[in-house]
Amino acid sequence: MRHDHRRFDLGHSAFVPASTTSLSDILGAFSYALDLTEGQPEGHSLRCCWIAMRLADHLGIAGSQRRDIYYAVMLKDLGCSSNAARVAELYLTDDRSFKHDFKLVGATLPSVLGFVFRKTGRGHGFAARARAIGNILRNGEEIARSLIQTRCVRGSEIARRLRFSSDVAEAIHSLDEHWDGGGKPAGLTGEAIPLGSRIALLAQIADTFFSGGGSAAALGEVAGRSGSWLDPALCRAFTAIARDGALWRELAADDIAARVSAIEPEGPQIAVDEDYLDDIAAAFGEVIDAKSPYTSGHSERVGDYVDRVAGAMGIGGTPRRVLRRAAILHDVGKLGVSSAILEKPGKLEVDEWHVMQNHARHTTEILNRVSALRDMALIAGSHHERLDGAGYPLQMDARLISRETRIITVCDFYDALTADRPYRGAMPAEQALAIMAGEVGKAIDGECFAALQDALSVASA
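Residues numbered from 1 in each chain as written. Predicted model: local features only at pLDDT ≥ 70, side-chain atom pairs only at ≥ 80, totals over all residues. Heavy atoms only, no water.

Can you explain the overall build of the protein? Please cite residues and give values.
Looking only at helices and strands, the protein features 22 helices and zero strands. Relative to the 2.2 N^0.38 estimate, which gives 23 Å for 461 residues, the radius of gyration of the protein is 23 Å and therefore close to what a compact globule would have. Seen through its C-alpha atoms, the protein measures out along the principal axes to roughly 65 × 55 × 45 Å. In the protein, which comprises 461 residues, the share counted as buried stands at 54%. Considering only intrachain contacts with a sequence separation of at least 6, the fraction spanning at least 24 residues in the protein is 70%. For the protein, the exposed surface amounts to about 18,900 Å²; the carbon and sulfur share of it is 53%. Put simply, the protein has 51 plus and 60 minus side-chain charges, and the middle of one group is 4 Å from the middle of the other. (Helix = DSSP H or I, 4+ residues; strand = E, 2+ residues; numbered from the N terminus. Rg over C-alpha atoms; globule rule 2.2 N^0.38 Å. Buried < 20%, exposed > 50% of the residue type's maximum accessible area, 1.4 Å probe, protein only. Contact = heavy atoms within 4.5 Å. Areas by Shrake-Rupley, 256 points an atom, 1.4 Å probe, with all protein chains shown as cover. Lys, Arg positive; Asp, Glu negative; His and termini not counted. Charge placed at Lys NZ, Arg CZ, Asp CG, Glu CD.)

The structure is reproduced here in structure tokens:
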């Protein structure tokens, strides 16, 4: 039986109240988006969190300190999207694969340099590769510091926006500091590095090498970096908890998300109410937009346009609020797209276009993981569907596209035209609206387009 999605109404859907939703479930689901950005296997952040809590058990860490470490490790990559475009530009490569592969490189300088030479500009011409490698050789230390500084500062800022303590923010900020002082951005040493940062870095190395090479690889890498990158006491604790093999079976479990949620530590509680869900959406909207210099503010603007259009169409109360969140999060799947594709000034190749189209599918999958966001998953993930059935990723047509999705689509369309893009400059509003008028009935809904025009007229009056 086919359902008519035009009848879908957030006001009558099985909306899950925020108060019934676990904070660990919500942010654990969004951690999958962070994994996408870093090119890590699905569940990486949650597995790191599990390792961190096993270490906390072994070391007797309890109370609010344990809870701070739990969220600092789960959200350690909050700032990772902010340097993605720069990585792609500097190294002339796919930022996601570069970041993934770089974490598997040995800790020695020859290993790092060998990786950079192999990876930089692969697939580009000799001259372009030579320029890129030359720039890295001349400015490598400053480039590395700048990239890390960007992600550290951004990650800690977003953690504070999510209402976490300064300890959580500082742990995220210092993720790349090393025990021997050779890390970045501040060159902290030993116990001057926040405990949450030391645990997060160990957990990251352990899971990365476990996912890539198994338990022996993880144990070997942790042991090899003890005293240089990693706190020796934490390395000894990790070796102790990994000795009987149970840890590796736990990390490989299919239900790792449920397991991590079940061990959320007690501590100062943050009420997951409607206001906090708004803050979470806004914070991850910033994570999304940081992926590209061309999308700065895009998610927030689309959310604002959608809110005004929804009001003009008579949608109010909770449904209007939920729809605005869906609009802010509509591009969360773009965290899984390489910046080399997002920033490409020319026409995308067929395989690149396929990757780009998949961002909408990723959006639906990520939002589907959270009960309080599930009703908006398909609404947000369908924003590139067209009334004539020629959209993506599902080729839905007018019979299946909900009114809520149509609202997001028209607002996303308008903001995309009136903002700078790699392949063209921003259009004046009048030109954008003229182009959109030609797409009414094909790509966009006429009623929604008229409501957008009304909302823009009111704003400019």
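Having seen the model, we can carry on.
Help me get a handle on the environment of serine 24, residues and values and all.
In this fold, serine 24 is placed in helix 1 (residues 23-38). The buried category is assigned to serine 24, whose relative accessible area is 4%. Expressed as a C-alpha distance, the spacing of serine 24 and glutamate 264, which sit 240 residues apart in the sequence, is 6.6 Å. Ignoring any residue separated from it by four or fewer positions in sequence, one finds serine 24 in contact with Tyr70, Tyr71, Met74, Ser261 and Glu264. A distance of 2.7 Å separates a polar atom in the side chain of serine 24 from a polar atom in the side chain of serine 22. (Polar contact = N/O pair within 3.5 Å; in protein donor to acceptor, adjacent residues only side chain to side chain.)

Residues and numbers for the packing of aromatic side chains, please.
This model, assessed by the stated rule, comprises 11 aromatic pairs. Their ring planes at 55° and their centres at 5.6 Å tell us that phenylalanine 102 and phenylalanine 115 sit as a pair that is tilted. In this pair, phenylalanine 102 is assigned in helix 5 (residues 95-102) and phenylalanine 115 in helix 6 (residues 109-119), connecting sequence segments 13 residues apart. On the accessibility criterion, phenylalanine 115 (5% relative accessible area) is buried. Connected via pairs of aromatic rings, a cluster forms that spans Tyr91, Phe98, Phe102 and Phe115. When the ring centre of tryptophan 229 is taken as reference, the NZ or CZ atom of arginine 225 above it lies at 4.3 Å. Lying over the aromatic face of tyrosine 32, arginine 369 brings its terminal NZ or CZ to 3.6 Å of the ring centre. (Phe/Tyr/Trp six-rings, centres within 6.5 Å; stacked < 30°, edge-to-face > 60°. Lys NZ or Arg CZ within 6 Å of the ring centre and 35° of its normal.)

Let's hear about the environment of arginine 308: which residues, and what values?
In this fold, arginine 308 is placed in helix 15 (residues 298-312). For the pair arginine 308 and alanine 242, spaced 66 residues apart in sequence, the C-alpha to C-alpha distance is 54 Å.

Tell me what's going on with the pattern of salt bridges, and back it up with residues and numbers.
All told, the structure shown has 37 salt bridges when counted by the stated rule. When the shortest N-O distance is used, the salt bridge between glutamate 89 and arginine 86 registers 3.1 Å. With glutamate 89 and arginine 86 both in helix 4 (residues 84-91), this residue pair falls three residues apart, about one helical turn. Classification of arginine 86 as partly exposed rests on a relative accessible area of 39%. (Salt bridge = Lys/Arg side-chain N within 4 Å of Asp/Glu carboxyl O.)

Outline helix 3 (residues 63-74), supporting the account with residue identities and numerical values.
The terminal C-alpha atoms of helix 3 lie 17 Å apart, and with 12 residues this matches the ideal 16 Å at 1.5 Å per residue to within 8%. For helix 3, a buried count of nine out of 12 residues is recorded, marking the element as mostly surrounded by other parts of the structure. On its buried side, helix 3 packs onto helix 1, helix 2 (44-59), helix 8 (166-173), helix 9 (195-213) and helix 13 (256-262). (Expected span 1.5 Å × (residues − 1).)

Residue-level account of the packing of helix 3 against helix 9, with values.
Contact pair helix 3 / helix 9: the axes reach a minimum separation of 9 Å and the direction vectors enclose 45°. Between helix 3 and helix 9, the interaxial angle falls into the category oblique. Of the two elements, helix 3 crosses helix 9, and the hand of that crossing is right-handed. For the pair helix 3 and helix 9, the contacting residues are Gln65, Ile69 and Val73 in the first and Leu195, Gly196, Ile199 and Ala200 in the second. Each residue belonging to the contact of helix 3 with helix 9 can be placed in one class, and the counts come to five nonpolar, two polar and no charged. (Axes fitted to C-alpha atoms, helices over the stretch in contact; angles between N-to-C directions. Parallel < 35°, antiparallel > 145°, perpendicular 65-115°, else oblique. Left-handed = near helix turned anticlockwise from the far one by under 90°. Nonpolar A, V, L, I, M, F, W, Y, C, P; charged D, E, K, R; others polar.)

Just give me the short version of a nonpolar patch on the surface, but keep the residues and values in it.
Judged by side-chain polarity, Leu109, Leu113, Phe117 and Leu137 come together as a nonpolar surface patch covering roughly 380 Å² of accessible area. A total of three residues in the nonpolar patch trace back to one element, the largest contributor, which is helix 6. Note that phenylalanine 117 resides in helix 6. (Patch = residues over 30% accessible without salt bridge, like charges linked within 9 Å, V, L, I, M, F, W, Y side chains within 5 Å.)

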